[in-house]
Amino acid sequence: MITNMKKYWLLLISIGFIATFLVACSGGDSESSSGGAEATSDDPIVFKTGLTVGDWAPQHTAMSVLEEVLEEKSGGTMVIEGYPDSQLGGEREMLEGVQQGSLEIGLISSSVFAAFDERFTAIDIPYLVSSFEEAEAMMDGPVGEELDKMFEEIGMKNLAWGHNDFRIISNSVKTIETPEDLNGIKMRVPESQVLTDWYTNLGALSTTLPFPDIYNALQQGVVDGQDNGPILTHASKFTEHQDYVTVTKHQYSPVCFCINLDLWNSLSEEQQSMLQEAADEAAEEERKAIIDFHDMALEEMENAGVEVTHLTEEQLAEWQETGKAIAEKLSGEENPLLDVVLEEVGF
């Protein structure tokens with residue numbers, strides 16, 4: 001049973017999402033002012049830090065922890081200046097800002113990584129992992145290490161890996177239990193070639209739409225379904241027009257805590273150590289919150305009357321096989337990250 005406190009947090013998620021959506025629509029893509037973490041000997045080093053979600057989200061909690069821990073460890077000589085709600089642009093704009101040095105730190109999901117380097121598509125393959133425990137093992141091991149190296153090649157350093165969520169499928173047509181059930185379903189997909197290919201392989205009719213257009217597209221019947229994590233699906237009220245949810249967990253997305261590499265290299269070893277420790281603590285808290293909110297969101301949708309289908313082990317095994325076709329398509333490319341990913345997950 002969900003406690004009153006958990007219901008309070010879920011209410012914050014829904015209210016906070018609406019506020020985030022309005023901010024993003026009214027000016028979230030505007031360019032941020034230039035600036036840097038420059039300081040005189042008497043002033044603190046200020047790390048302008050951006051994320052796309054508001055104070056309802058676990059990523060915002062992570063930014064708050066980063067701010068508190070860093071200020072405490074540094075005695076106020078290093079501070080986080082947070083900009084939530086897409087104030088500094090979308091995730092792609094923020095990652096560009098970190099790369100170019102106009103933004104010091106960004107908490108950014110992997111959905112935009114491939115726009116900077118096609119090799120990152122290796123972590124978009126469906127069913128690399130099927131649980132948060134497996135995801136943490138992957139990101140804290142050789143895969144995460146290879147990703148860290150790639151970030152440095154393009155001018156950034158990743159301080160820590162957090163969770164974004166696992167994608168699930170919602171639709172307004174019927175119960176989805178097998179991959180064949182997707183045949184003919186009109187699915188909204190993000191700007192991801194991997195996901196577009198995956199849905200096409202399964203017979204779905206893929207339509208690429210930006211996130212702010214999803215709700216209206218579902219309401220008007222432009223598409224039958226969408227896939228996002230349970231937290232975002234619930235917070236954005238997509239299930240007002242979706243009767244069926246299937247917990248496919250077909251794609252895992254991590255979140256990087258990225259800092260501009262030149263800025264990182266300009267810090268002393270002591271400063272780097274304090275910032276790294278703060279990022280590690282923030283990522284740990286964010287991971288715990290995502291796991292809790294993931295389960296709460298599913299339960300809350302079910303309590304609201306949505307049919308939530310949890311796959312059996314046999315059904316999940318059938319879905320997992322669908323990821324191998326995408327892996328085989330990518331396997332002909334020269335990509336060290338792909339080699340590490342496939343070796344680690346056993347594809």
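Structure first, text after, so check above.
Reference entry: report on the structure contained in this document. All of these numbers come straight from a predicted model, not from anything done at the bench.

Helix and strand counts for the protein chain come out as twelve helices and eleven strands. The buried share of the protein chain, taken over its 347 residues, is 53%. Considering only residue pairs separated by 6 or more positions, the protein chain has 75% of its internal contacts joining residues 24 or more positions apart. Put simply, the protein chain shows about 15,300 Å² of open surface, and 46% of that area lies on carbon and sulfur atoms.

Turning our attention to the pattern of salt bridges. According to the stated counting rule, one finds nine salt bridges in the structure shown. With a shortest N-O distance of 2.7 Å, Arg-119 and Asp-117 are connected by a salt bridge. Members of the salt-bridge network, linked through shared partners, are Asp-117, Arg-119 and Glu-153.

Locating Gln-251 in the fold gives a position in the loop between strand E9 (244–247) and strand E10 (252–260). According to the relative accessible area criterion, Gln-251 is buried, its value standing at 7%. C-alpha of Gln-251 to C-alpha of Leu-128: the two residues are 123 residues apart in sequence and 7.5 Å apart in space. At 2.7 Å, the side chain of Gln-251 and the backbone oxygen of Asp-124 are in polar contact.

Take the sheet that holds strand E1 (residues 45–50) next. Taken together, five strands build an open sheet; the order of strands is E2-E1-E3-E10-E4 and the sheet is mixed. Looking at strand neighbours, the two that pair on one side only are strand E2 (78–83) and strand E4 (156–166), the edges of this open sheet. Geometrically, the sheet is characterised by an average inter-axis angle of 20° between neighbouring strands, direction not taken into account. Pairing of E1 with strand E3 (residues 105–109) involves two bridges; the strand directions are parallel. Looking at the pairing, Thr-49 lines up with Ile-105 of E3. Set on the sheet, helix H2 (residues 58–74) makes contact with E1, E2, E3, E4 and E10; between it and E2 the angle comes to about 160°. Sitting on the sheet, helix H4 (residues 132–139) touches E4 and E10, and the angle it makes with E4 is about 165°.

As a further point, take the nonpolar core. With 89 residues, the main nonpolar core has Phe-47, Phe-113, Leu-182 and Leu-275 as its most contacted residues. In contact with Leu-182, not counting residues within four places along its chain, are Ile-169, Ile-176, Met-187, Tyr-199, Leu-202, Gly-203, Ala-204 and Trp-319.

When the terminal C-alpha atoms of H2 are compared, their 24 Å separation across 17 residues agrees well with the 24 Å that a helix rising 1.5 Å per residue should span. Every buried residue of H2 is listed here: Pro-58, Gln-59, His-60, Ala-62, Met-63, Val-65, Leu-66, Val-69, Leu-70 and Ser-74. Among the structural elements, E1, E2, E3, E4, E10 and helix H10 (269–303) are those in contact with the buried residues of H2. Count one or two residues on from H2 and you reach Gly-75, which has phi positive near 65°.

Moving on: the state of the cysteines. This model, assessed by the stated rule, comprises one disulfide. With its sulfur 2.3 Å from that of its partner, Cys-256 forms a disulfide with Cys-258. Between Cys-256 and Cys-258 the disulfide shows an S-S torsion of about -125°. By sign, it is left-handed. Since its relative accessible area comes to 0%, Cys-258 is described here as buried.

Here we take up a negative patch on the surface. Judged by side-chain charge, Glu-67, Glu-68, Glu-71, Glu-72, Asp-280, Glu-281 and Glu-285 come together as a negatively charged surface patch. Listed by contribution, the elements that provide at least two residues to the negative patch are H2 and H10. The leading source of residues in the negative patch is H2, at four residues. Classification of Glu-67 by relative accessible area gives partly exposed; the value is 33%.

Bringing the packing of aromatic side chains into the picture now. Note on aromatic pairs: each is described by the distance of the centres and the angle between the planes. Taken as a whole, this structure holds ten aromatic pairs when the rule is applied. Ring centres 4.9 Å apart and planes at 65° place the aromatic pair Trp-198 and Tyr-199 in the edge-to-face group. Taken as a pair, Trp-198 and Tyr-199 share a single burial class, namely buried.

So, on to the side chain of Gln-272. Looking at the element boundaries, Gln-272 is found in helix H10. Discounting residues that sit within four places of it in the chain, Gln-272 has contacts with Trp-264, Asn-265 and Leu-267.

In contact at an axis separation of 12 Å, H4 and H10 are set at 155° when each is read in the N-to-C sense. What the angle tells us is that H4 and H10 run roughly antiparallel. Between H4 and H10 lies a crossing of right-handed hand. Where H4 abuts H10, its residues Phe-132, Glu-136 and Met-139 lie against Arg-287, Ile-290, Ile-291 and His-294. Residue composition of the contact of H4 with H10, grouped by class: four nonpolar, one polar and two charged.

About the thresholds
Residues numbered from 1 in each chain as written. Predicted model: local features only at pLDDT ≥ 70, side-chain atom pairs only at ≥ 80, totals over all residues. Heavy atoms only, no water. Helix = DSSP H or I, 4+ residues; strand = E, 2+ residues; numbered from the N terminus. Buried < 20%, exposed > 50% of the residue type's maximum accessible area, 1.4 Å probe, protein only. Contact = heavy atoms within 4.5 Å. Areas by Shrake-Rupley, 256 points an atom, 1.4 Å probe, with all protein chains shown as cover. Salt bridge = Lys/Arg side-chain N within 4 Å of Asp/Glu carboxyl O. Polar contact = N/O pair within 3.5 Å; in protein donor to acceptor, adjacent residues only side chain to side chain. Pairing = 2+ DSSP bridges. Axes fitted to C-alpha atoms, helices over the stretch in contact; angles between N-to-C directions. Core = buried A, V, L, I, M, F, W, Y, C linked by side-chain atoms within 4.5 Å. Expected span 1.5 Å × (residues − 1). Disulfide = S-S within 2.5 Å. Patch = residues over 30% accessible without salt bridge, like charges linked within 9 Å, V, L, I, M, F, W, Y side chains within 5 Å. Lys, Arg positive; Asp, Glu negative; His and termini not counted. Charge placed at Lys NZ, Arg CZ, Asp CG, Glu CD. Phe/Tyr/Trp six-rings, centres within 6.5 Å; stacked < 30°, edge-to-face > 60°. Parallel < 35°, antiparallel > 145°, perpendicular 65-115°, else oblique. Left-handed = near helix turned anticlockwise from the far one by under 90°. Nonpolar A, V, L, I, M, F, W, Y, C, P; charged D, E, K, R; others polar.

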